[in-house]
Amino acid sequence: MDVFDGLPDAVIVDILNKVGDVRTLLRCSSLSKRFNSLVPQSESLILRLDQVGTTESQPGSPSSNVFTSLFKSFHGFCSLFSKPAKPIQTTNLSPNIPSKILFPFDRVKKLEVELPGGDARLEKGAAVKWNAEYDETLKTCTVVAFRSASTVSSPSPAYSHSESDAEFVTGLKTRVMWTISALMAASARHFLMSEVVKEHEELESLVIRDRGGEGTLVMGAEGLREFRKMEAARVEAADERVEKNRSVVPSVRMSMRHAPSLKLKSGICLESATLVIVRPSEGYSDVGDDELATEAFAGNCMYGEAVVALLKCKKNALEMNSF
(Lines give C-alpha, C1' and ligand atoms only; values in the text may rest on other atoms or scores of the structure.)
Protein backbone atom coordinates (compact mmCIF):
# COMPACT_ATOMS: atom_id res chain seq x y z
CA MET A 1 0.00 0.00 0.00
CA ASP A 2 1.27 3.45 -0.88
CA VAL A 3 2.09 5.71 2.10
CA PHE A 4 -0.46 8.30 0.97
CA ASP A 5 -3.21 5.68 0.90
CA GLY A 6 -3.06 5.53 4.70
CA LEU A 7 -3.37 9.29 5.19
CA PRO A 8 -6.76 10.96 5.76
CA ASP A 9 -7.98 13.30 3.02
CA ALA A 10 -7.70 16.32 5.33
CA VAL A 11 -3.99 15.66 5.88
CA ILE A 12 -3.29 15.37 2.16
CA VAL A 13 -5.19 18.59 1.46
CA ASP A 14 -3.11 20.30 4.15
CA ILE A 15 0.06 19.05 2.42
CA LEU A 16 -1.24 20.34 -0.92
CA ASN A 17 -1.86 23.73 0.69
CA LYS A 18 1.80 23.79 1.74
CA VAL A 19 2.80 23.08 -1.87
CA GLY A 20 0.67 25.97 -3.12
CA ASP A 21 2.10 26.26 -6.63
CA VAL A 22 -0.79 25.92 -9.09
CA ARG A 23 1.30 24.36 -11.85
CA THR A 24 2.67 21.68 -9.52
CA LEU A 25 -0.77 20.93 -8.10
CA LEU A 26 -2.28 20.49 -11.56
CA ARG A 27 0.43 17.97 -12.34
CA CYS A 28 -0.33 16.17 -9.07
CA SER A 29 -3.99 15.89 -10.05
CA SER A 30 -3.00 13.49 -12.86
CA LEU A 31 -1.27 11.03 -10.51
CA SER A 32 -4.39 9.19 -9.38
CA LYS A 33 -8.15 9.47 -9.04
CA ARG A 34 -7.72 10.35 -5.37
CA PHE A 35 -5.33 13.19 -6.09
CA ASN A 36 -7.60 14.34 -8.88
CA SER A 37 -10.43 14.70 -6.38
CA LEU A 38 -8.33 16.30 -3.61
CA VAL A 39 -6.26 18.86 -5.56
CA PRO A 40 -9.34 21.04 -6.32
CA GLN A 41 -9.90 21.32 -2.55
CA SER A 42 -6.64 23.25 -2.06
CA GLU A 43 -7.34 26.50 -0.20
CA SER A 44 -3.96 28.27 -0.45
CA LEU A 45 -2.53 28.80 -3.94
CA ILE A 46 0.38 30.55 -5.64
CA LEU A 47 -0.24 31.39 -9.30
CA ARG A 48 2.86 32.28 -11.31
CA LEU A 49 2.07 33.89 -14.66
CA ASP A 50 4.98 33.71 -17.10
CA GLN A 51 3.60 35.40 -20.22
CA VAL A 52 2.38 38.94 -19.81
CA GLY A 53 2.13 41.20 -22.87
CA THR A 54 2.43 44.97 -22.78
CA THR A 55 0.72 47.81 -24.54
CA GLU A 56 1.80 51.41 -24.80
CA SER A 57 -0.48 54.35 -24.27
CA GLN A 58 -1.70 55.96 -27.44
CA PRO A 59 -2.37 59.67 -28.09
CA GLY A 60 -5.58 60.62 -26.40
CA SER A 61 -5.28 57.92 -23.74
CA PRO A 62 -5.44 58.84 -20.03
CA SER A 63 -1.66 58.82 -19.60
CA SER A 64 -1.07 61.23 -22.49
CA ASN A 65 -3.65 63.86 -21.55
CA VAL A 66 -4.13 63.37 -17.81
CA PHE A 67 -2.00 66.42 -17.08
CA THR A 68 -4.54 68.87 -18.51
CA SER A 69 -6.58 68.78 -15.31
CA LEU A 70 -4.13 67.19 -12.92
CA PHE A 71 -3.65 69.69 -10.13
CA LYS A 72 -6.49 71.68 -8.64
CA SER A 73 -4.36 72.83 -5.72
CA PHE A 74 -1.43 74.10 -7.80
CA HIS A 75 -2.77 76.93 -9.96
CA GLY A 76 -0.42 78.10 -12.69
CA PHE A 77 1.42 74.79 -13.05
CA CYS A 78 -0.45 73.74 -16.22
CA SER A 79 2.42 74.86 -18.42
CA LEU A 80 4.59 72.18 -16.85
CA PHE A 81 2.43 69.49 -18.40
CA SER A 82 1.83 70.84 -21.90
CA LYS A 83 4.20 68.37 -23.58
CA PRO A 84 2.94 64.85 -24.40
CA ALA A 85 3.75 62.35 -21.70
CA LYS A 86 5.98 59.37 -22.42
CA PRO A 87 4.10 56.09 -22.92
CA ILE A 88 3.47 54.09 -19.76
CA GLN A 89 3.82 50.34 -19.88
CA THR A 90 0.78 48.46 -18.56
CA THR A 91 -0.14 44.83 -18.19
CA ASN A 92 -2.28 43.58 -21.08
CA LEU A 93 -3.38 40.09 -20.10
CA SER A 94 -7.01 39.01 -20.33
CA PRO A 95 -8.74 38.31 -16.98
CA ASN A 96 -10.00 35.11 -18.61
CA ILE A 97 -6.48 33.62 -18.51
CA PRO A 98 -6.01 33.37 -14.70
CA SER A 99 -9.71 32.50 -14.43
CA LYS A 100 -9.27 29.49 -16.74
CA ILE A 101 -6.10 28.37 -14.98
CA LEU A 102 -7.84 28.40 -11.59
CA PHE A 103 -11.07 26.84 -12.86
CA PRO A 104 -10.32 23.36 -11.39
CA PHE A 105 -10.04 24.80 -7.87
CA ASP A 106 -13.30 25.40 -6.03
CA ARG A 107 -12.29 26.19 -2.43
CA VAL A 108 -9.61 28.86 -2.79
CA LYS A 109 -9.35 31.12 0.26
CA LYS A 110 -5.85 32.55 -0.09
CA LEU A 111 -4.31 33.41 -3.45
CA GLU A 112 -0.92 34.89 -4.28
CA VAL A 113 -0.25 35.88 -7.90
CA GLU A 114 3.25 36.48 -9.22
CA LEU A 115 3.78 38.39 -12.47
CA PRO A 116 7.04 38.10 -14.41
CA GLY A 117 7.97 41.78 -14.21
CA GLY A 118 6.95 45.29 -13.23
CA ASP A 119 4.99 47.77 -15.31
CA ALA A 120 6.84 51.05 -14.85
CA ARG A 121 8.98 52.48 -17.65
CA LEU A 122 11.70 54.51 -16.01
CA GLU A 123 14.85 56.35 -16.94
CA LYS A 124 18.09 54.48 -16.29
CA GLY A 125 18.97 54.34 -12.59
CA ALA A 126 15.49 55.32 -11.37
CA ALA A 127 13.36 53.04 -9.23
CA VAL A 128 9.72 53.00 -8.16
CA LYS A 129 8.12 50.76 -5.55
CA TRP A 130 4.44 50.85 -4.66
CA ASN A 131 1.94 49.13 -2.42
CA ALA A 132 -1.79 49.43 -3.13
CA GLU A 133 -4.95 48.22 -1.40
CA TYR A 134 -8.17 47.76 -3.35
CA ASP A 135 -11.79 46.78 -2.83
CA GLU A 136 -14.14 47.58 -5.72
CA THR A 137 -11.83 50.52 -6.41
CA LEU A 138 -8.62 52.04 -5.08
CA LYS A 139 -8.43 52.47 -1.32
CA THR A 140 -4.80 53.50 -0.85
CA CYS A 141 -1.55 53.51 -2.78
CA THR A 142 1.87 54.30 -1.32
CA VAL A 143 4.70 55.08 -3.72
CA VAL A 144 8.42 55.43 -3.01
CA ALA A 145 10.70 56.47 -5.86
CA PHE A 146 14.08 58.00 -6.59
CA ARG A 147 16.06 59.06 -9.65
CA SER A 148 19.35 57.39 -8.69
CA ALA A 149 21.15 55.78 -5.76
CA SER A 150 24.79 55.86 -4.76
CA THR A 151 26.90 54.98 -1.75
CA VAL A 152 28.60 57.55 0.46
CA SER A 153 31.95 56.96 2.13
CA SER A 154 30.92 57.99 5.65
CA PRO A 155 27.42 56.78 6.68
CA SER A 156 25.55 59.22 8.90
CA PRO A 157 22.04 59.60 10.33
CA ALA A 158 19.38 60.04 7.65
CA TYR A 159 19.47 63.64 6.47
CA SER A 160 17.70 65.87 3.94
CA HIS A 161 17.95 69.63 3.71
CA SER A 162 14.69 71.61 3.79
CA GLU A 163 13.18 72.27 0.37
CA SER A 164 11.72 75.52 -0.93
CA ASP A 165 8.55 75.68 -3.06
CA ALA A 166 10.66 76.46 -6.13
CA GLU A 167 12.82 73.38 -5.53
CA PHE A 168 9.69 71.24 -5.12
CA VAL A 169 8.39 72.32 -8.55
CA THR A 170 11.67 71.29 -10.18
CA GLY A 171 11.22 67.77 -11.50
CA LEU A 172 7.57 67.66 -10.40
CA LYS A 173 6.39 66.29 -13.74
CA THR A 174 8.71 63.29 -13.43
CA ARG A 175 7.51 62.56 -9.88
CA VAL A 176 3.89 62.76 -11.00
CA MET A 177 4.67 60.36 -13.85
CA TRP A 178 6.12 57.92 -11.34
CA THR A 179 2.88 58.11 -9.37
CA ILE A 180 0.64 57.71 -12.42
CA SER A 181 2.73 54.74 -13.52
CA ALA A 182 2.18 53.05 -10.15
CA LEU A 183 -1.58 53.79 -10.19
CA MET A 184 -1.98 52.42 -13.71
CA ALA A 185 -0.01 49.29 -12.83
CA ALA A 186 -2.17 48.70 -9.76
CA SER A 187 -5.41 49.26 -11.70
CA ALA A 188 -4.26 46.85 -14.43
CA ARG A 189 -3.56 44.14 -11.86
CA HIS A 190 -6.92 44.78 -10.19
CA PHE A 191 -8.65 44.31 -13.55
CA LEU A 192 -6.56 41.24 -14.34
CA MET A 193 -7.96 39.33 -11.36
CA SER A 194 -11.55 40.59 -11.60
CA GLU A 195 -12.96 37.36 -13.03
CA VAL A 196 -11.16 35.26 -10.42
CA VAL A 197 -12.56 37.37 -7.59
CA LYS A 198 -16.10 37.06 -8.94
CA GLU A 199 -15.90 33.31 -9.52
CA HIS A 200 -14.16 32.27 -6.27
CA GLU A 201 -16.60 33.50 -3.65
CA GLU A 202 -14.71 31.85 -0.77
CA LEU A 203 -11.57 33.89 -1.53
CA GLU A 204 -10.51 35.86 1.56
CA SER A 205 -7.06 37.13 0.65
CA LEU A 206 -5.53 38.18 -2.67
CA VAL A 207 -1.98 39.45 -3.15
CA ILE A 208 -0.56 40.32 -6.57
CA ARG A 209 3.15 41.09 -6.92
CA ASP A 210 5.89 40.88 -9.51
CA ARG A 211 9.18 39.00 -9.32
CA GLY A 212 11.19 42.21 -9.41
CA GLY A 213 9.40 43.51 -6.32
CA GLU A 214 8.22 46.70 -8.02
CA GLY A 215 4.64 46.71 -6.76
CA THR A 216 2.18 44.81 -4.58
CA LEU A 217 -1.61 44.91 -4.71
CA VAL A 218 -3.60 43.59 -1.75
CA MET A 219 -7.29 42.78 -1.37
CA GLY A 220 -8.56 41.60 2.01
CA ALA A 221 -11.72 39.69 2.85
CA GLU A 222 -13.85 42.82 3.27
CA GLY A 223 -12.52 44.38 0.07
CA LEU A 224 -13.21 41.19 -1.89
CA ARG A 225 -16.80 41.07 -0.63
CA GLU A 226 -17.28 44.73 -1.52
CA PHE A 227 -15.91 44.11 -5.01
CA ARG A 228 -18.34 41.25 -5.69
CA LYS A 229 -21.25 43.30 -4.39
CA MET A 230 -20.49 46.34 -6.53
CA GLU A 231 -19.37 44.51 -9.68
CA ALA A 232 -22.82 43.19 -10.57
CA ALA A 233 -24.30 46.69 -10.34
CA ARG A 234 -21.93 48.54 -12.66
CA VAL A 235 -22.31 47.14 -16.14
CA GLU A 236 -21.44 50.44 -17.86
CA ALA A 237 -18.24 50.82 -15.85
CA ALA A 238 -17.34 47.23 -16.63
CA ASP A 239 -17.54 48.01 -20.36
CA GLU A 240 -15.11 50.88 -19.85
CA ARG A 241 -12.73 48.61 -17.94
CA VAL A 242 -12.66 46.13 -20.82
CA GLU A 243 -11.76 48.92 -23.24
CA LYS A 244 -8.91 50.13 -21.06
CA ASN A 245 -7.66 46.74 -19.84
CA ARG A 246 -7.60 48.16 -16.33
CA SER A 247 -9.88 49.40 -13.60
CA VAL A 248 -10.77 53.09 -13.52
CA VAL A 249 -8.60 55.13 -11.16
CA PRO A 250 -10.92 57.41 -9.14
CA SER A 251 -10.26 61.07 -8.42
CA VAL A 252 -7.57 61.08 -5.76
CA ARG A 253 -5.72 63.30 -3.34
CA MET A 254 -2.01 62.85 -2.90
CA SER A 255 0.38 63.91 -0.17
CA MET A 256 3.83 64.16 -1.71
CA ARG A 257 7.10 64.49 0.17
CA HIS A 258 10.34 65.06 -1.70
CA ALA A 259 14.03 65.36 -0.88
CA PRO A 260 16.46 66.51 -3.61
CA SER A 261 19.16 64.43 -1.92
CA LEU A 262 18.40 61.98 0.87
CA LYS A 263 21.33 60.48 2.78
CA LEU A 264 20.42 57.33 4.69
CA LYS A 265 22.28 56.11 7.75
CA SER A 266 22.91 52.85 5.88
CA GLY A 267 25.37 54.75 3.66
CA ILE A 268 23.12 55.17 0.62
CA CYS A 269 22.28 58.52 -0.97
CA LEU A 270 19.03 58.77 -2.95
CA GLU A 271 18.64 61.57 -5.47
CA SER A 272 15.15 63.07 -5.87
CA ALA A 273 13.74 60.72 -3.23
CA THR A 274 9.93 60.85 -3.25
CA LEU A 275 7.15 59.49 -1.06
CA VAL A 276 3.54 59.75 -2.27
CA ILE A 277 0.49 58.57 -0.33
CA VAL A 278 -2.64 58.38 -2.49
CA ARG A 279 -6.24 58.12 -1.31
CA PRO A 280 -9.58 58.61 -3.12
CA SER A 281 -10.92 62.18 -2.96
CA GLU A 282 -14.33 60.94 -1.82
CA GLY A 283 -14.29 60.71 1.97
CA TYR A 284 -10.64 61.74 2.04
CA SER A 285 -8.74 61.71 5.33
CA ASP A 286 -4.99 61.65 5.85
CA VAL A 287 -5.32 60.19 9.33
CA GLY A 288 -3.02 57.20 9.60
CA ASP A 289 -0.88 58.14 6.58
CA ASP A 290 2.39 57.76 8.49
CA GLU A 291 1.47 54.28 9.73
CA LEU A 292 0.25 53.30 6.26
CA ALA A 293 3.56 54.28 4.65
CA THR A 294 5.79 52.64 7.26
CA GLU A 295 3.79 49.40 7.25
CA ALA A 296 3.76 49.24 3.44
CA PHE A 297 7.57 49.03 3.32
CA ALA A 298 8.32 47.42 6.66
CA GLY A 299 11.05 44.81 6.27
CA ASN A 300 12.43 46.43 3.12
CA CYS A 301 15.62 47.93 4.53
CA MET A 302 16.48 50.75 2.12
CA TYR A 303 12.91 51.69 1.20
CA GLY A 304 11.70 51.40 4.77
CA GLU A 305 14.51 53.66 5.96
CA ALA A 306 13.76 56.13 3.16
CA VAL A 307 10.07 56.25 4.14
CA VAL A 308 10.92 57.07 7.76
CA ALA A 309 13.24 59.86 6.63
CA LEU A 310 10.83 61.28 4.01
CA LEU A 311 7.97 61.42 6.51
CA LYS A 312 9.96 64.18 8.24
CA CYS A 313 9.96 66.29 5.05
CA LYS A 314 7.40 68.93 4.12
CA LYS A 315 4.10 67.54 2.84
CA ASN A 316 2.61 68.97 -0.36
CA ALA A 317 -1.03 68.29 -1.21
CA LEU A 318 -2.10 67.63 -4.81
CA GLU A 319 -5.23 66.38 -6.52
CA MET A 320 -5.77 64.31 -9.65
CA ASN A 321 -8.94 63.68 -11.63
CA SER A 322 -10.20 60.20 -12.42
CA PHE A 323 -8.71 58.48 -15.46
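Residues numbered from 1 in each chain as written. Predicted model: local features only at pLDDT ≥ 70, side-chain atom pairs only at ≥ 80, totals over all residues. Heavy atoms only, no water.

> Would you mind going over the confidence of the model for the protein chain in detail, with residue names and values included?
Confidence in the prediction for the protein chain averages 82 pLDDT; 76% of positions are at 70 or higher. Here residues 53-91 scores under 50 on pLDDT; set against residues more than four positions off or in separate chains, the count is 77 contacts. (pLDDT = per-residue confidence, 0-100. Contact = heavy atoms within 4.5 Å.)

> Please give an account of the nonpolar core that cites residues and values.
Soluble, globular proteins show a tendency: their nonpolar side chains are buried together. Membership of the largest hydrophobic core comes to 57 residues, with the highest contact counts inside it found for Leu111, Val113, Trp130 and Leu206. At 10 residues, helix H7 (residues 172-192) tops the list of elements feeding residues into this core. Filtering out sequence-adjacent residues up to four positions away, Val113 remains in contact with Leu47, Leu49, Met193, Leu206, Val207, Ile208 and Arg209. (Core = buried A, V, L, I, M, F, W, Y, C linked by side-chain atoms within 4.5 Å. Buried < 20%, exposed > 50% of the residue type's maximum accessible area, 1.4 Å probe, protein only. Helix = DSSP H or I, 4+ residues; strand = E, 2+ residues; numbered from the N terminus.)

> An account of the environment of Pro280 is requested, with residue identities and associated values reported.
When you line up the elements, Pro280 lands in strand E11 (residues 268-280). A sequence separation of 42 residues divides Pro280 from Ser322, and the C-alpha atoms of the two residues are 9.5 Å apart. Aside from chain neighbours lying at most four places away, what touches Pro280 is Leu138, Lys139, Pro250, Ser251, Val252 and Arg253.

> Explain H7 residue by residue, including any values.
With 21 residues, H7 extends 30 Å from end C-alpha to end C-alpha; this agrees with the ideal 30 Å at 1.5 Å per step. Of all 21 residues making up H7, 19 are buried, and the element is well covered by its neighbours. (Expected span 1.5 Å × (residues − 1).)

> Before we move on, can you summarise unusual backbone geometry with the specific residues and values?
One non-glycine residue, Ser272, adopts positive backbone phi at about 55°. Along the polypeptide, Ser272 turns up in strand E11. Overall, the relative accessible area of 8% leaves Ser272 in the buried class.

> An account of the packing of aromatic side chains is requested, with residue identities and associated values reported.
Summed over all chains, the structure comprises two aromatic pairs. Here Phe146 and Tyr303 contribute two aromatic rings whose centre-to-centre distance is 5.9 Å and whose plane-to-plane angle is 35°, an arrangement assigned as tilted. Residue Phe146 is found in strand E6 (residues 138-146), and its partner Tyr303 is found in helix H12 (residues 301-310); the two are separated by 157 residues along the sequence. Phe146 gets classed as buried once you look at its relative accessible area, which sits at 5%. A relative accessible area of 9% means that Tyr303 is categorised as buried. With a centroid separation of 6.5 Å and 25° between ring planes, the pair formed by Phe297 and Tyr303 is classed as stacked. Across this residue pair, the class does not change: Phe297 and Tyr303 are buried. Ring pairs connect the aromatic residues Phe146, Phe297 and Tyr303, which therefore count as one cluster. (Phe/Tyr/Trp six-rings, centres within 6.5 Å; stacked < 30°, edge-to-face > 60°.)

> Describe the side chain of Lys129, naming the residues involved and giving the relevant values.
Position of Lys129 relative to the elements: it lies in strand E5 (residues 127-134). No salt bridge forms around the buried Lys129; measuring N to O, its nearest opposite-charge neighbour Asp210 is 6.9 Å away. Polar side-chain contacts of Lys129 include one of 2.6 Å to the backbone oxygen of Gly213. Every residue in contact with Lys129, bar those within four places of it in the chain, is listed here: Thr142, Val143, Val144, Gly212, Gly213, Glu214, Phe297, Asn300 and Tyr303. (Lys, Arg positive; Asp, Glu negative; His and termini not counted. Salt bridge = Lys/Arg side-chain N within 4 Å of Asp/Glu carboxyl O. Polar contact = N/O pair within 3.5 Å; in protein donor to acceptor, adjacent residues only side chain to side chain.)

> Run through a nonpolar patch on the surface, naming residues and quoting values.
A cluster of nonpolar residues, Phe4, Val11, Ile15 and Val19, forms a patch on the protein surface that exposes about 270 Å² of accessible area. By the secondary structure assignment, Phe4 is in the segment before helix H1 (9-19). Here Phe4 falls in the partly exposed class, since its relative accessible area comes to 33%. (Patch = residues over 30% accessible without salt bridge, like charges linked within 9 Å, V, L, I, M, F, W, Y side chains within 5 Å. Areas by Shrake-Rupley, 256 points an atom, 1.4 Å probe, with all protein chains shown as cover.)

> If you had to explain the pairing of strand E4 (residues 110-115) to someone new, which residues and values would you point to?
When strand E1 (residues 44-48) meets E4, the two strands line up parallel, connected through five bridges. Note on E4: the bridge partner recorded for Leu47 is Val113. Here six bridges tie E4 to strand E8 (residues 205-210), and the two strands are oriented parallel to one another. The residue of E8 that forms the bridge with Leu111 is Leu206. (Pairing = 2+ DSSP bridges.)

> I'd like a rundown of the pattern of salt bridges, residues and numbers included.
Going through the model one piece at a time under the given rule, you end up with 13 salt bridges. We note a salt bridge from Arg211 to Glu114, for which the minimum N-O separation is 2.7 Å. Pair noted here: Arg211 is in the loop between E8 and strand E9 (215-219) and Glu114 is in strand E4, with a separation of 97 residues, a long-range link. Residue Asp289 is joined to Arg279 by a salt bridge in which the shortest nitrogen-to-oxygen separation is 2.8 Å. Here Asp289 is found in helix H11 (residues 289-296), whereas its partner Arg279 is found in strand E11, with 10 residues between them in sequence. Look at Asp289 and you get buried, because its relative accessible area is 4%. Classification of Arg279 by relative accessible area gives buried; the value is 16%. Overlapping salt bridges bring together Asp21, Arg48, Glu114 and Arg211 as one network.

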